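Structural overview for review
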Amino acid sequence: MHLFLTSFFVGFLVLSNIISVKLFDLWGLAILPAAAIVYVFTYPITDVIGEVYGKKAAQQTVKAGFIVQIFASIFILIAIYLPPAPFFADQDAFSAILGGSFRVIIASLTAYIVSQFLDVYIFHRLRSKHGSSKLWLRNNASTILSQLVDTTVFITVAFYGTMPTSALLALIATQYIFKVFVAIIDTPLVYFLVKKTKAAAKKESESTSISA
């Protein structure tokens, strides 16, 4: 089950990077990158892994995601610069969609590694204090605080100097409010996944014991 959750985590990361170029209008309230609807679900996954398998397992998942993002960026860059076939007429569009600027890539990787490790740290500090109770508290507290760091770091590194400070702060605020809203409503999902993952881990342990 740990491998299954890590696969989803890494898949969501790569997908969010691919679709991040698309901006959408959230009912006239905010303009958000399409990645926002995917990336927010990486935090509950690491919380579930940490809750069931421990802090070290959650950190390993975060490291795996970082390494995969680097390799994905390299291979996408290679694909962009491969000479197109004579009949391939969409090279410019392909490059525009997948070829994010170097600054945006650096911003994404920096925000990811800082916020995800912070999420794991806060989650397990609260777990050491409350034990197995108050999962809702450590899930929401760790996600809400780490998402603030993620949003602030990414937007600042990616766009500082390219727009007025007021616009920069408004972009941070609107994206953060959206992420907090998602973090709160996904709490039942975290409880459900923890329950299912613990049951699966128990079966795996029993199966291993019988085989031994």
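Here, every reference points to the structure presented above.
The text that follows walks through the structure, step by step, so that each part is easy to find.

Rules behind the numbers
Numbers given to residues run from 1 along each chain, matching the order in which its sequence is written. At least 70 in pLDDT is required for a residue's local features to be given in this predicted model, at least 80 for side-chain atom pairs to be given and counted, and no such filter applies to totals for whole chains, interfaces and linings, which use all residues. Only hydrogens and water are removed before side-chain values are computed, so all heavy atoms of the structure are retained for them. Each helix is a run of DSSP H or I of at least 4 residues and each strand a run of E of at least 2, with the numbering of both proceeding from the N terminus. Using a 1.4 Å probe on the protein chains alone, a residue whose accessible area is under 20% of its type maximum counts as buried, one over 50% counts as exposed, and one in between counts as partly exposed. Only the stretch in contact is used when a helix axis is fitted, and all axes are lines through C-alpha atoms; the angle between N-to-C directions ranges over 0 to 180 degrees. We call two directions roughly parallel when the angle between them is under 35 degrees, roughly antiparallel when it is over 145, roughly perpendicular when it lies between 65 and 115, and oblique otherwise. For any helix crossing, the convention is left-handed if the near helix is rotated counterclockwise from the far helix by under a right angle, and right-handed if that rotation is clockwise. Residue contacts follow a heavy-atom distance rule, with two residues in contact if any of their heavy atoms lie within 4.5 Å. For this classification, the nonpolar set comprises Ala, Val, Leu, Ile, Met, Phe, Trp, Tyr, Cys and Pro, the charged set comprises Asp, Glu, Lys and Arg, and every other residue, Gly included, is treated as polar. The length a helix should cover is 1.5 Å for every residue beyond the first. DSSP-based pairing: two strands are paired if at least 2 bridges between them are found.

**Examining the overall build of the protein**
For the protein, the helix and strand inventory stands at 9 helices and 2 strands. Moving toward the C terminus, one meets the helices and strands of the protein in the order α-β-β-α-α-α-α-α-α-α-α. Along the first, second and third principal axes, the C-alpha atoms of the protein reach 60 × 45 × 30 Å. The buried share of the protein, reckoned over its 212 residues, is 35%.

**Focus on the packing of helix 1 (residues 2-19) against helix 3 (residues 42-53)**
Closest axis-to-axis distance for the helix 1/helix 3 pair is 9 Å, and the angle between their directions is 160°. Considering their axes alone, helix 1 and helix 3 lie roughly antiparallel with respect to each other. At the point where helix 1 passes helix 3, the crossing takes the left-handed sense. Listed contacts from helix 3 to His2, Leu5, Thr6, Phe8, Phe9, Phe12 and Leu13 of helix 1 are Thr42, Ile45, Thr46, Val48, Ile49 and Tyr53. Per-class residue counts for the contact of helix 1 with helix 3 are 9 nonpolar, 4 polar and no charged.

**Considerations on unusual backbone geometry**
In this model, lysine 134 sits at a positive phi of 55°, which is unusual for a non-glycine residue. Within the fold, lysine 134 resides in the loop between helix 6 (102-130) and helix 7 (135-159).

**Brief notes about helix 8 (residues 165-185)**
Here helix 8 contains 21 residues, and its C-alpha end-to-end distance of 31 Å stays within 8% of the 30 Å for a straight helix at 1.5 Å per residue. Buried within helix 8 are the following residues: Leu168, Ile172, Gln175, Tyr176, Phe178, Lys179, Val180, Val182 and Ala183.

**Focus on the packing of helix 4 (residues 55-81) against helix 5 (residues 91-98)**
Contact geometry of helix 4 with helix 5 gives a least axis separation of 10 Å together with a crossing angle of 160°. Here helix 4 lies roughly antiparallel to helix 5, going by the angle between them. In this structure, helix 4 meets helix 5 at a crossing whose hand is left-handed. Along the contact surface, helix 4 presents Ile76, Ala79 and Ile80, while helix 5 presents Gln91, Phe94, Ser95 and Leu98. A class-by-class count of the residues in the contact of helix 4 with helix 5 yields 5 nonpolar, 2 polar and no charged.

**Brief notes about the pairing of strand 2 (residues 30-33)**
Note: strand 1 (residues 23-26) against strand 2, 4 bridges, orientation antiparallel. Paired with leucine 23 across the strands is proline 33, a residue of strand 2. Taking the residues that link successive antiparallel strands as the turn, the strand 1-strand 2 hairpin has 3 residues, and the phi of tryptophan 27 there is positive, at about 55°.

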